[in-house]
Amino acid sequence: VVTRDDVEESLKEIWQYVKDKEQLLEDLHSQIKETEQRLLVKQGERDSLLEYKNVGRKAQANRIMNLEKEIKEVKDDLHRVTEYYRNALEEMKEENARLIEEHVKLSKEQAPENTLRYLDKSSLREIEENEWLKEEVKMYQKEVNDLKASIQLLEEENISLVTKLIDGKLQNWRL
């Protein structure tokens, strides 16, 4: 004999059981959705990694090779520019040395003139007298050289005359 209370109790239990199962089913559906979402995220990550592996890695490798080429070109350009500026510096040093040498030479040539401008009259007179004496010495040296040449000619002429005289006396003795 089943009573109404037993049936109601049984229905309540069944209804609770169904309700629990529905709740469990909803929970499972929500967990499945969460898992599907995580799966989609992970698949997206996997796809991007596979894409990188297949495409991106090659693109990165190409980019790296291009960057290495650019680095080599920059180094070559740097070497060429360095060599150019080194040569330009050497030429500039040589040009500066030449200009300094010319300036020193010109300064040496102009130094006596510049010095004469700033000397007093007595010093100028001494310099002029010194120049005059140098000219006089040159004239006397020329005269001395001329006199030496004249003396040598006269000595040669005397030797020639003495030789003739001796030869003439020898011939007179022989006769």
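About the cut-offs
- Residues numbered from 1 in each chain as written.
- Predicted model: local features only at pLDDT ≥ 70, side-chain atom pairs only at ≥ 80, totals over all residues.
- Heavy atoms only, no water.
- Helix = DSSP H or I, 4+ residues; strand = E, 2+ residues; numbered from the N terminus.
- Rg over C-alpha atoms; globule rule 2.2 N^0.38 Å.
- Buried < 20%, exposed > 50% of the residue type's maximum accessible area, 1.4 Å probe, protein only.
- Areas by Shrake-Rupley, 256 points an atom, 1.4 Å probe, with all protein chains shown as cover.
- Lys, Arg positive; Asp, Glu negative; His and termini not counted.
- Charge placed at Lys NZ, Arg CZ, Asp CG, Glu CD.
- Patch = residues over 30% accessible without salt bridge, like charges linked within 9 Å, V, L, I, M, F, W, Y side chains within 5 Å.
- Salt bridge = Lys/Arg side-chain N within 4 Å of Asp/Glu carboxyl O.
- Phe/Tyr/Trp six-rings, centres within 6.5 Å; stacked < 30°, edge-to-face > 60°.
- UniProt positions renumbered as here; feature names shortened; annotations may be inferred.

Taking an unreviewed UniProt entry as the reference, the protein is identified by name as CCD83 protein belonging to Heliornis fulica.

Colleague: Break down the overall build of the protein for me, citing the residues and quoting the values.
Modeller: For the protein, the count of helices and strands is two helices and zero strands. Here the C-alpha atoms of the protein give a radius of gyration of 63 Å, more than 25% beyond the 16 Å that 2.2 N^0.38 yields for 175 residues. For the protein, the spread of C-alpha atoms along the three principal axes comes to 210 × 60 × 20 Å. Burial statistics for the protein: of 175 residues in total, 1% are counted as buried. Total accessible area on the protein stands at roughly 17100 Å², and carbon and sulfur atoms take up 58% of it. Charge centroids of the protein, computed over 31 positive and 41 negative side chains, lie 4 Å from each other.

Colleague: Before we move on, could you go through a negative patch on the surface and cite the residues and values that matter?
Modeller: On the surface, a cluster of negative charge is made up of Asp 5, Asp 6, Glu 9 and Glu 13. Within the secondary structure, Asp 5 is located in helix H1 (residues 4-118). On the basis of relative accessible area, Asp 5 is assigned to the exposed category, the value being 56%.

Colleague: Could you give an account of the packing of aromatic side chains, naming the residues involved and the relevant values?
Modeller: Summed over the entire model, instances satisfying the criterion amount to one aromatic pair. For the ring pair Tyr 84 and Tyr 85, a centre distance of 5.2 Å and an interplane angle of 70 degrees mean the geometry is edge-to-face. The exposed category is assigned to Tyr 84, whose relative accessible area is 56%.

Colleague: Account for the UniProt feature "coiled-coil region" (unreviewed entry) in the protein, with residues named and values stated.
Modeller: Under the local residue numbering, the UniProt record ascribes the feature "coiled-coil region" (unreviewed entry) to residues 18-164. Helix makes up 99% of residues 18-164 and strand 0%, with an end-to-end C-alpha separation of 176 Å.

Colleague: So, the pattern of salt bridges: which residues are in play, and what are the values?
Modeller: Following the criterion strictly, the structure yields ten salt bridges and no others. Note that Lys 72 is salt-bridged to Asp 76, the shortest N-O span being 3.3 Å. Here Lys 72 and its partner Asp 76 are both found in helix H1, four residues apart, which amounts to about one turn of the helix. Lys 72 gets classed as exposed once you look at its relative accessible area, which sits at 55%. A residue is classified by how much of its surface remains accessible, and Asp 76, at 33% relative accessible area, is partly exposed. Here Arg 98 ties to Glu 102 by a salt bridge, and the two come within 2.4 Å at their closest N and O atoms. Taken together, the residues span about one helical turn, with Arg 98 and Glu 102 both in helix H1 at a distance of four residues. Judged by relative accessible area, which is 41%, Glu 102 ranks as partly exposed. The network of salt bridges with common partners includes Glu 95, Arg 98 and Glu 102.

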